[in-house]
Amino acid sequence: MNRLLIVVDYQKDFVDGALGFPGAETLAGPIAARMADYRANGDDVIFTFDTHGPDYRDTQEGRKLPVAHCIRDTDGWELYGAVAEAAREEDEFFCKATFPSLELGQYLEECEYAQVELCGLVSHICVLSNAVIAKAALPEAEIVVDAGLTASYDPVLHEKALDVLEGLQVTVLNRKERHA
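None of these values were measured; they are calculated from a predicted model.

Draft legend 1. The arrangement of the pattern of salt bridges in detail. Per the stated rule, a full pass over the model turns up 9 salt bridges. Notably, a salt bridge pairs Arg34 with Glu117, separated by 2.3 Å at the nearest N-O pair. Of the two residues, Arg34 is situated in helix H2 (residues 28-40) and Glu117 in strand S4 (residues 115-121); the sequence distance between them amounts to 83 residues. Here the two residues Arg34 and Glu117 agree in accessibility, since each one is buried. Taken together, the salt bridges that share partners define one network made up of Glu159, Asp163, Glu166 and Arg175.

Structure below.
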């Protein structure tokens, strides 16, 4: 089975930088381990990078979220921790100026993956929107999100995002039991 792991925006600014939040750092080891599993099976690993320029505050996103982050070629734009160490120069990297990546979708349309798994940050924003892109590009592939490999600064929105993903027929793994 031809599989792909997409590591979404696991960048310093989302872990311990401008938009970092407690707990995001705990994903580094497990994401790096998942990357190693994929590579050991001969499967592919690619990355998305939230990428902004010095004019960020003048963009629509910058006006709605006036916190400069992931400015290209700054420390905050770089991958974080064990994920950075596990990345390879030959990996595919998609820089994106907004939440989902159309370039990623176009790339996926040319591929024949049976399964695409997404992990990284932030669950209810970039992971969710890129899962939708993957689903549109590869409607017959199984799209997977492991709840243990993504997170949000807002636990309520995180759970709602997992609900939406399941509603979109994305396979959500390792979801904690919900109490009514």
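More follows now that the structure is in view.
Draft legend 2. Broad picture of the sheet that holds strand S3 (residues 92-96). Spatially, 6 strands are ordered S3-S2-S1-S4-S5-S6 in an open sheet, and the strand pairing comes out parallel. In the strand order of this sheet, the two ends are held by S3 and strand S6 (171-173), each with one partner. Shown here is a sheet whose adjacent strand axes are inclined to one another by a mean of 25°, direction ignored. Along the sheet, H2 makes contact with strand S1 (3-8), strand S2 (44-50), S4 and strand S5 (142-151), crossing S1 at roughly 155°. Its contacts with the sheet place helix H5 (residues 102-109) against S1, S2 and S3, and it is angled at close to 145° to S3.

Calculation rules
- Residues numbered from 1 in each chain as written.
- Predicted model: local features only at pLDDT ≥ 70, side-chain atom pairs only at ≥ 80, totals over all residues.
- Heavy atoms only, no water.
- Salt bridge = Lys/Arg side-chain N within 4 Å of Asp/Glu carboxyl O.
- Helix = DSSP H or I, 4+ residues; strand = E, 2+ residues; numbered from the N terminus.
- Buried < 20%, exposed > 50% of the residue type's maximum accessible area, 1.4 Å probe, protein only.
- Pairing = 2+ DSSP bridges.
- Axes fitted to C-alpha atoms, helices over the stretch in contact; angles between N-to-C directions.
- Contact = heavy atoms within 4.5 Å.

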